[in-house]
Structure formats: C-alpha cells, structure tokens
Amino acid sequence: MFQNKQHSIALISVDGDPAIEIGKQESGGQNVYVREVGYALAQQGWQVDMFTRRSSPEQATISQHSHNCRTIRLKAGPSKFIGRDYLFHYLGKFVAEFQKFQQQQGFQYPIIHTNYWLSSWVGMELKKQQPLIQVHTYHSLGAIKYRSISNVPVIAVERLAVEKACLETVDRVIVTSPQEQKYMRTLVSTAGRTEMIPCGTDIDKFGKVDKATAREYLGIASDLKMVLYVGRFDQRKGIETLVRAIAKSQLRGKTNLQLVIAGGSRPGQSDGIERDRIAKIVAELGLKDNTMFPGRLDDTVLPYYYAAADVCVVPSHYEPFGLVAIEAMASRTPVVASNVGGLQFTVVPEVTGLLAPPKNQVAFAAAIDRILTNPEWGKHLGETGRQRVEIAFSWHSVASRLAQLYTSLLAKSTSVTQSKSPVAA
Ligand code: UDP
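For the structure given in this document, a descriptive report is provided here. (Residues numbered from 1 in each chain as written. Predicted model: local features only at pLDDT ≥ 70, side-chain atom pairs only at ≥ 80, totals over all residues. Heavy atoms only, no water.)

1. Notes on the overall build of the protein chain
We apply this condition: Counting from the N terminus, the helices are DSSP H or I runs at least four residues long and the strands are E runs at least two residues long. Our radius of gyration is a C-alpha quantity, and the globule rule it is checked against amounts to 2.2 Å times the number of residues to the power 0.38. Only protein chains enter the calculation, and the probe is 1.4 Å; a residue is then buried if its accessible area is under 20% of its type maximum, exposed if over 50%, and partly exposed in between. Any two residues having at least one pair of non-hydrogen atoms within 4.5 Å are treated as being in contact. For the purpose of counting charges, residues Lys and Arg are taken to be positive, whereas Asp and Glu are taken to be negative. His and the chain ends are not included. Here the site of a charge means atom NZ of a Lys, CZ of an Arg, CG of an Asp or CD of a Glu.
A count of helices and strands for the protein chain gives 15 helices and 14 strands. Whereas a compact globule of 425 residues would reach a radius of gyration of roughly 22 Å, the protein chain reaches 22 Å, a difference of no more than 12%. A principal-axis box enclosing the C-alpha atoms of the protein chain has dimensions of 80 × 40 × 40 Å. Counting the 425 residues in the protein chain, one finds 57% classified as buried. Sequence-distant contacts, at least 24 apart, represent 66% of the contacts inside the protein chain between residues at least 6 apart. Charge separation in the protein chain, taken as the distance between the mean sites of 49 positive and 38 negative side-chain charges, equals 4 Å.

2. Remarks on the nonpolar core
Filter applied, for reference: Residues belong to one nonpolar core when they are buried, are Ala, Val, Leu, Ile, Met, Phe, Trp, Tyr or Cys, and are joined through side-chain atoms within 4.5 Å.
With 65 residues, the main nonpolar core has L11, L41, W46, V48, M226, Y306 and Y406 as its most contacted residues. Ranked by the residues each element gives to this core, the list is headed by helix α15 (residues 395-420), at nine residues. Each residue touching Y406, except ones within four places of it in the same chain, is listed here: I9, L11, V37, L41, W46, I111, H113 and V135. Counting 40 residues, the second largest nonpolar core, distinct from the first, contains F51, L74, A76 and M124.

3. Re the site of the ligand
The line we're drawing: Throughout, near means a residue has at least one heavy atom within 4 Å of the molecule or strand. Polar contact is the term for a pair of N or O atoms within 3.5 Å; when the atoms are in protein, one must be able to donate a hydrogen and the other to accept it, and sequence-neighboring residues count only if both atoms are side-chain atoms. Per-residue and other accessible areas were derived by the Shrake-Rupley procedure at a 1.4 Å probe size, with only the shown protein chains allowed to occlude residues. Under the convention adopted here, Pro, Cys and the residues Ala, Val, Leu, Ile, Met, Phe, Trp and Tyr are nonpolar, Asp, Glu, Lys and Arg are charged, and Gly plus all remaining residues are polar.
Taken together, 20 residues lie near the ligand, and G29, R232, K237, L297 and E327 sit nearest. At 3.2 Å from an oxygen atom of the ligand is found a side-chain nitrogen or oxygen belonging to R236. Within the side chain of K237, a nitrogen or oxygen atom sits 2.8 Å from an oxygen atom of the ligand. Relative to its unbound accessible area of 540 Å², the ligand is 93% covered by the protein chains. Per element, the largest residue contribution to the shell around the ligand is three residues, and it comes from helix α11 (residues 323-330). Here the shell around the ligand is built from residues that sort into eight nonpolar, six polar and six charged.

4. Points about the packing of helix α8 (residues 239-248) against helix α9 (residues 272-284)
In a pair of packed helices, the angle between the axes and the distance between the axes together describe the arrangement. Keep this limit in mind: In this analysis, axes come from line fits to C-alpha atoms, helices being fitted only over the stretch in contact, and the angle between any two N-to-C directions falls in the range 0 to 180 degrees. Working rule for angles: under 35 degrees goes down as roughly parallel, over 145 as roughly antiparallel, 65 to 115 as roughly perpendicular, anything else as oblique. Left-handed describes a crossing whose near helix is turned anticlockwise from the far helix through less than a right angle; right-handed describes the clockwise counterpart.
Remark: α8 packs on α9, axes separated minimally by 10 Å, with the N-to-C direction vectors making an angle of 10 degrees. Between α8 and α9, the angle falls in the class roughly parallel. In the packing of α8 onto α9, the handedness of the crossing is right-handed. Contacts between α8 and α9 involve I239, E240, V243 and R244 from the first element and R277, I278, I281 and V282 from the second. Across the contact of α8 with α9, the residue classes break down as five nonpolar, no polar and three charged.

5. What to know about α11
Burial analysis of α11 places eight of its eight residues in the buried class, the great majority of the element. Every buried residue of α11 is listed here: L323, V324, A325, I326, E327, A328, M329 and A330. Immediately beyond the C-terminal end of α11, within one or two residues, lies R332, with a positive phi of roughly 65 degrees.

6. Observations regarding the sheet that holds strand β6 (residues 133-137)
The criterion, for reference: Pairing between strands is defined by DSSP: at least two bridges between them are needed.
Overall, mixed pairing links the eight strands, which are arranged β3-β4-β2-β1-β5-β6-β7-β8 in an open sheet. Sheet topology places β3 (62-66) and β8 (194-196) at the edges, where each strand pairs with a single neighbour. Neighbour to neighbour, the strand axes of the sheet diverge by 20 degrees on average, direction disregarded. In the sheet, β6 pairs with strand β7 (residues 172-175) via three bridges, with the strands oriented parallel. By the bridge assignment for β7, V135 is matched with R172.

7. Some points on the packing of helix α3 (residues 116-129) against helix α5 (residues 156-169)
It is the contact of α3 with α5, at a shortest axis distance of 9 Å, that shows an interaxial angle of 55 degrees. As summarised for this structure, α3 and α5 are arranged oblique, according to the angle between their axes. Handedness of the crossing formed by α3 with α5: left-handed. For the pair α3 and α5, contact is made by Y116, W117, S120, W121 and M124 and by E158, R159, V162, E163, A165, C166 and T169, respectively. Broken down by class, the residue content of the contact of α3 with α5 amounts to seven nonpolar, two polar and three charged.

8. Here we look at helix α6 (residues 178-188)
The line we're drawing: Arc definition: directions from the helix axis to the C-beta atoms.
Every buried residue of α6 is listed here: Q179, E180, M184 and V188. Buried positions in α6, seen along its axis, are confined to an arc of 135 degrees and lie on one side of it. Exposed residues pointing more than 90 degrees away from the buried face of α6 are listed as K182 and T186. Buried residues along α6 sit against α4 (142-145), α5, β7, β8 and α12 (343-346).

9. Brief notes about the pattern of salt bridges
Rules: The rule for a salt bridge is simple: a side-chain nitrogen of Lys or Arg has to be within 4 Å of a carboxyl oxygen of Asp or Glu.
This structure, assessed with the given rule, holds 25 salt bridges. For the salt bridge of D49 with R70, the shortest nitrogen-to-oxygen distance reads 2.7 Å. Taken together, the residues span a long stretch of sequence, with D49 in strand β2 (residues 47-53) and R70 in strand β4 (residues 69-74) at a distance of 21 residues. Taken as a pair, D49 and R70 share a single burial class, namely buried. One continuous salt-bridge network, built from bridges that share partners, spans E240, R244, E274 and R277.

10. Let's talk about the pairing of β7
Put simply, the rule reads: Every crossover in which the path from the first strand over the helix to the second runs clockwise, viewed with the strands pointing away from the viewer, is termed right-handed.
Neither face of β7 is open: one carries R172 and I174, the other V173 and V175, and all of them are buried. As paired elements, β7 and β8 share three bridges and run parallel to each other. Along β8, the bridge assignment pairs I174 with E195. Each parallel crossover has a hand, and the one from β7 via α6 to β8 is right-handed.

Spelled out as structure tokens, the structure:
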C-alpha cells in the first residue's frame, strides 16, 4: 500500500479527531492543526495516517481523505466521548491497537508526530518497542493551565510528569511561539530539543470574501457594530470578560452594537455548562438583545462571520497559540486579545490589533471601543493582519517547515543506524 516508506508518517492525536466537527465539546485548535498539517503534508507527497480514538459507534474505522491521507480510529475504551482528563487509563490499549494495525499492514512507521500530552505518552511507549523518530506538539501545557484554574484535576500529577519526560526525551518538540518556548524552559525543563514552527491557517479559505459581501450573505446591516467571539465554551477562554466588557462599552445604547458568540454544542454536553453560565451573565447584564449565539459554525459559514465582524475578540486567560486570532487576521479583521501566550506573538499591538490584560473587562472595553469608533483605523489594522498571516502563518509554509524537520531527523537516524551496523563498520 505504501510506495515510499521513508515518506510515511503517523500523526497521533488520541483525544482530537481531525475529521470531527470542530468547535464543540473539547474539539478545537488541536483537531484543526492535525487535520491541516495532515492535508498539507499529503499534498506535499507524504503518506499521512492520522490516528485517533474512536469516540462514537457511528464513526468509520478508517476515513479516506485522499489517496495518501486518512484518519484511522482505534478502539481504546468505550466508543463514546470521554473527557481528556479521563483518557489516560485507555492509552495502553491505544498502543496495543496501534501495534496491531502496523502488524496487519506489515509495516512500521519510521516517524510519528504526537499531539497533546496523552499522545506523547503513546509515542514514548511506542519508541520503547520499535525504532522511530518522535516529534511532539503540546498544544497546551499543564504547568501553565493548572496555574489559571481553581479545580486542578486528579490526573495533573501524571500529566506534569509525562510532559517533562516528553520534553527531555523525544527527538524534537515543536514550540508554536517564543512565549511557549519560554514557559517550557522555565516551568517544565531546561533539557531536550525544541524547534519553533508556528501554527497556521488557510489563507485561501479565510479572506476570500469582503465585509460588504459577508454582511449581505449573513443578513447583517451595514451600520451594525459587530463584535465576534469564536471558540469553545470553556472558562479559560474568558468569554465572561468579553460579555462584561460589552456591558461597559461607551457605545452601548448609542449605536447598534451586536456581540456574536460562536461555537459550542447542545445543552447537556460538557461545554453546555459554560454556555449556560455565559447566557445567564448576558441576561443579568441586560445584553440579551445585543447578543447572538449562532452555535457551532462550520467551514462554509465561518469565513463570512470573520469577514463581517468589525473586531474579533480572543479574551483567553491562557492561550498556547490561538488559531482564532490568525483566522480573523487572515480575514482582514482586527483582533483584540489577551496579553498572554501565543497571542502576544500573533497579534502585534497597534499594528494588527490590540492586547489587553486577561480578565480585565475595563481594558477590553476600552480596546474594543477604540477600534469600533475608528473604522478606518480598524480597516488598516485588518489589512496589516492579513499581510502578517500571509508571510508567517499559512498551513502550506508550516507543513513545509515540518516536512524539512522530519526529513532531516530521518536522514540523521538513517546515518546513525548505518554507522552502528557491522557492514558499515
Ligand atoms: N471553530 C470552528 N467553529 C466554531 C468554533 C471554533 O471551526 O464554531 C474552530 C476555530 O475556527 C479554530 C478552532 O476551532 O480553528 C479553535 O482553535 P483555537 O486554537 O483558537 O482554540 P482551542 O480550541 O485550541 O483552545
């Protein structure tokens, strides 16, 4: 089946199915990253297999995306949604199923790219059982996350230990921003090899429509001031700060101000609790008429929402990278974001948007108002944002840099193997 073994790669994302609907429950940036890196590598000629855990009986075991790219769902634990904090227990089974799959194919992957700490454990176990190169992207670091939440889960001890072991032992850790690199070195370990390759976005999908067309398509009046949030309903996303900022906006009552909070799924699912909490705050602040919850937006409409917005707000308490910021920038929409993590790298203050301290509703209100009251400047920020994304954050360039890294690691491992073999000696 595989014509070129050296160019075959397994992307492993136990908890983040690349082919699932994005924006609900725990699916977000990690799923998008794996999917887009996978697609882009396949376009560049790699044989790409994306491995994840089967989380519903309706899911196909194998989804073929193109002749050289597929998603493979392994049965590890019950075929239902299980929160990330409860998956560790099933990882041994995931490793066994991965081995079984390789045996059936009569083939071993020479390189794997693991995503999130759960998959890093899977990769490190596989590495004990067969020769392979392991590249890892964290997507989120327990050491930072646990500083920003009050209820630290029981699994925290394992997670912190696995994250440290991963950084110190795998062949290369991808850091997606200089900020992540700094956190990793100060909070996780000074040992281990890293390489800075950012996340990317689809610069053809985002930015293909102008504001007037997008508003006409969505039925949004041209004089409306539209503030957009896109993402999961999770407390660390800081949606409450945004809602409270809108309540404090100087424009409230004076102009047609609309907050659009996109993402999330149905009541009763894990993110429904946060959605209900946010809806309650909206009601308490008398913002019901100014707020819309369109639910999860798929790829066919999301580019229109970004293009229609006057400002996109990313109010996270902590954000390892933050794809939403670069998607908005690619759509020529200025961004107001928290002054944290990867957002400090992607959003250039006064150039592509503004930064505000996390949880500071007064600062967010002031930043949003500055952009809304100066549309010409907002347009300029949006144009500069687009340029920045084109230069630094297209998936194509991200995948090319990853491919170069994989190729050089594979070449090094081949030369080491050859020099160790009796024939070469
Ligand atoms: N997303 C989406 N539809 C929604 C909400 C979110 O497609 O309704 C996507 C969004 O476009 C982005 C991802 O989910 O690509 C969120 O990634 P980000 O890095 O901003 O946050 P994470 O979910 O990883 O914390």
